[in-house]
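# Observations on chain architecture
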Amino acid sequence: MKKKTIGIGIIGCGTISDVYLTNITQHYHNLRLIACADMFLEKAEQMKEKYNIPIACTVDELLANEAIDIVLNLTIPAAHYEVNMQILNAGKHLYCEKPLTLSFEHAKEVIETAHKKGLMAVSAPDTFLGAGAQTCRALLDQNAIGKPLGFTANMTCPGHELWHPAPGFYYKAGGGPMFDMGPYYLTTLVSLLGPIKKVACFTTTGRPERNILGKTETAQVPTHYTAILEFSCGAVGNMNMSFDVWDSDLPCMEIFGTAGSITVPDPNAFSGPVKVYDGKKLEDIVSAQTAPHPAKIIAMMTHKKDCSTQQDLLFPSDPDPRGNMRGLGVSDMACALLNGRDSRLRSDICLHVVEALNAFETAARTNTVYEMKTSCQRPEPMSPDWKLWEVQ
Ligand SMILES: NC(=O)c1ccc[n+]([C@@H]2O[C@H](COP(=O)([O-])OP(=O)(O)OC[C@H]3O[C@@H](n4cnc5c(N)ncnc54)[C@H](O)[C@@H]3O)[C@@H](O)[C@H]2O)c1
């Protein structure tokens, strides 16, 4: 009989494990949760209790469990490489929280090991599979804004120590706003525009002394990044990633095309409003204005809103605008395994993103433009027939 579910094990029962456990146990019916583990067994025991998981155990016991096909690595970034290699060497498929590893060399080793063993190895984010980014992808593919020529991508916040229960790792090597939030923005950009060609970057640190759970700790990484990227498709744009900005009205992401612009929802969310701004409409409005100067410029400034339209989403999304569907990529991987197709999360994209994260560091440190060594393919789009929570 054809297998209908895929066995899942989770390593790392911290903050983010809650949302995965909620979604796997309630929504993603092709995933069967077998066991959870943590370096502190009591954390695994707590999750076992809370989510009615059959087994809480050590990492070694989890990796020896034959009912488990995919292991989710939800440990902190500094532990990703070591835990990823343990998972692959145990013969399990790997889904890692972002980033796949901290260094490019380690990411290559993880992906090469997986290829040699015939296993899948991918990392979060999976937000780009959500209705927001997928709607933008469909619009770009339909030429809704012409040829993409530029973009802006911005993640500005005052710092995760304001809310995270264990924020120390965000200010150590492998933390900082680019390594933490860059994967969302880079993966979304790559899924929309294809591979990156070159990057330049400048960094600074606004507030080096951070209040980590009541204790002052010095940030060991830059806390404010401004990067410039050129994509192989020819589009160029900037990224601002910061743990130093108290407030800003910058859009999360906009893509500028030869015929219009598109507003991309927050890449850290699975949905959100998508707006297309039609350049032709603006041209028509301004050229219809026959009164002398400054009538045309006034028409241009005031009719802007008449040229943008909120788009219907390609498929239904969680009705909560901040709905957190994490695990969608794992469900898609499971579907790929069950149906003998490729996973939409791609290891070449994960490797490309880890290279880019490190490229920003290199470019900033050496004051040079970094040329990317890896490339990748855009992921397969989601089907417009997608039904909420059910991957096909
Ligand atoms: N917290 C968030 O909102 C959030 C959101 C998206 C993604 N993430 C990502 O999720 C991952 C985990 O973040 P978090 O916020 O849950 O961190 P956390 O510190 O709250 O939890 C990490 C857990 O992993 C365990 N752990 C660490 N090293 C281990 C090892 N070698 N073996 C076994 N267990 C180990 C810790 O004991 C802890 O329980 C990170 O990659 C982060 O980038 C976090």
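The following refers to the structure shown. Model, not experiment: these values are computed from the prediction.

## Looking at the packing of helix α4 (residues 77-89) against helix α5 (residues 104-117)
The interhelical angle for the contact between α4 and α5, taken along N-to-C directions, is 5°, at an axis separation of 10 Å. On the basis of their axis angle, the class for α4 and α5 is roughly parallel. Contacts between α4 and α5 pair Tyr81, Asn84, Met85, Leu88 and Asn89 from the former with His106, Glu109, Val110, Thr113, Ala114 and Lys117 from the latter. In terms of residue class, the contact of α4 with α5 is built from 5 nonpolar, 4 polar and 2 charged.

## Thoughts on the site of the ligand
Lining the immediate surroundings of the ligand are 26 residues, of which Thr15, Ile16, Asp38, Lys43 and His164 lie closest. Here an oxygen atom of the ligand and a backbone polar atom of Ile16 are 2.9 Å apart. Measuring from an oxygen atom of the ligand, one finds a side-chain N or O atom of His80 at 3.1 Å. Considering the ligand on its own, with 830 Å² of exposed area, one finds that the protein chains cover 88% of that surface. Examining the composition of the shell around the ligand, we find that 4 residues originate from one element, α4, more than from any other. Residues of the shell around the ligand, tallied by class, amount to 15 nonpolar, 6 polar and 5 charged.

## Focus on the side chain of Glu97
Within the element layout of this structure, Glu97 appears in the loop between β5 (93-96) and α5. Notably, Glu97 is buried but unbridged: the nearest opposite-charge side chain belongs to Arg326, and the N-O separation is 4.1 Å. Those residues in contact with Glu97 that lie beyond four places of it in its chain are Ile16, Tyr20, Asn73, Leu74, His80, Ser123, Ala124 and Arg326.

## Section: the sheet that holds strand β2 (residues 31-37)
Reading across the sheet, the 6 strands line up as β3-β2-β1-β4-β5-β6 and stay open at both edges, with parallel pairing between neighbours. Every other strand in the sheet has two partners, leaving β3 (55-57) and β6 (121-123) as the edge strands with one partner each. When strand polarity is set aside, the average angle formed by the axes of neighbouring strands in this sheet is 25°.

## Describing the environment of Ser248
Here Ser248 is to be found in the loop between β12 (236-242) and β13 (253-257). Through-space distance from the C-alpha of Ser248 to that of Met181 is 17 Å; in sequence the pair is 67 residues apart. Here the side chain of Ser248 touches Leu250 through a polar contact of 2.9 Å, landing on its backbone nitrogen.

## Brief notes about the nonpolar core
Counting 70 residues, the largest nonpolar core has Ile8, Ile10, Tyr20, Leu62, Leu72, Tyr95 and Leu100 as the members making the most contacts within it. Among the elements that make up this core, the one with the highest residue count is helix α10 (residues 328-339) (7 residues). Grouped together as the second largest cluster of nonpolar side chains are 49 residues, Tyr184, Leu193, Phe231 and Ile262 included.

## Digging into the pairing of strand β15 (residues 275-278)
The two faces of the sheet receive side chains in turn, since in a regular strand these alternate between them. By the bridge criterion, 4 bridges tie strand β14 (residues 260-264) to β15 in an arrangement that is antiparallel. Paired with Thr263 across the strands is Lys275, a residue of β15. Alignment of β15 against strand β16 (residues 308-310), held across 3 bridges, turns out to be antiparallel. The partner of Val276 across the bridge, within β16, is Thr309.

## Observations regarding the sheet that holds β14
Sheet architecture is open: 9 strands sit in the order β16-β15-β14-β13-β7-β12-β11-β8-β17, paired in mixed fashion. Looking along the sheet, the strands with just one partner apiece sit at the ends: β16 and β17 (370-371). One ladder, built from 7 bridges, connects strand β11 (residues 224-231) with β12; its direction is antiparallel. Following the sheet pairing, Ile228 is matched in β12 by Asn238. With respect to the sheet, helix α11 (residues 347-366) is in contact with β8 (196-204), β11, β12 and β17, its orientation differing from that of β8 by roughly 50°.

## A look at the pattern of salt bridges
Under the defined criterion, the tally for this structure stands at 13 salt bridges. Asp69 is the partner of Lys3 in a salt bridge, and the nearest nitrogen-oxygen pair spans 3.3 Å. Pair noted here: Lys3 is in the segment before β1 (6-11) and Asp69 is in the loop between α3 (59-63) and β4 (70-73), with a separation of 66 residues, a long-range link. Between Asp332 and Arg341 there is a salt bridge, and its shortest N-O distance comes to 2.7 Å. Overall, Asp332 belongs to the buried group, its relative accessible area being 0%. Assessed through its relative accessible area of 24%, Arg341 is described here as partly exposed.

## Comments concerning the packing of aromatic side chains
Tallied over the full model, the rule gives 7 aromatic pairs. When the ring of Tyr28 is compared with that of Trp389, the centres are 5.3 Å apart and the planes differ by 65°; the resulting orientation is edge-to-face. A residue pair is termed long-range when its members are at least 10 positions apart, and Tyr28 in the loop between α1 (17-26) and β2 and Trp389 in the segment after β17 qualify at 361 residues. Of the two residues, Tyr28 and Trp389, both sit in the buried class. A connected cluster of aromatic rings, assembled from ring pairs, spans Phe169, Tyr170, Tyr171 and Phe243. The ring of Phe104 has Lys108 sitting right over it, with the charged end atom 4.7 Å from the ring centre.

Cut-off values and rules
Residues numbered from 1 in each chain as written. Predicted model: local features only at pLDDT ≥ 70, side-chain atom pairs only at ≥ 80, totals over all residues. Heavy atoms only, no water. Axes fitted to C-alpha atoms, helices over the stretch in contact; angles between N-to-C directions. Helix = DSSP H or I, 4+ residues; strand = E, 2+ residues; numbered from the N terminus. Parallel < 35°, antiparallel > 145°, perpendicular 65-115°, else oblique. Contact = heavy atoms within 4.5 Å. Nonpolar A, V, L, I, M, F, W, Y, C, P; charged D, E, K, R; others polar. Near = heavy atom within 4 Å. Polar contact = N/O pair within 3.5 Å; in protein donor to acceptor, adjacent residues only side chain to side chain. Areas by Shrake-Rupley, 256 points an atom, 1.4 Å probe, with all protein chains shown as cover. Buried < 20%, exposed > 50% of the residue type's maximum accessible area, 1.4 Å probe, protein only. Lys, Arg positive; Asp, Glu negative; His and termini not counted. Salt bridge = Lys/Arg side-chain N within 4 Å of Asp/Glu carboxyl O. Pairing = 2+ DSSP bridges. Core = buried A, V, L, I, M, F, W, Y, C linked by side-chain atoms within 4.5 Å. Phe/Tyr/Trp six-rings, centres within 6.5 Å; stacked < 30°, edge-to-face > 60°. Lys NZ or Arg CZ within 6 Å of the ring centre and 35° of its normal.

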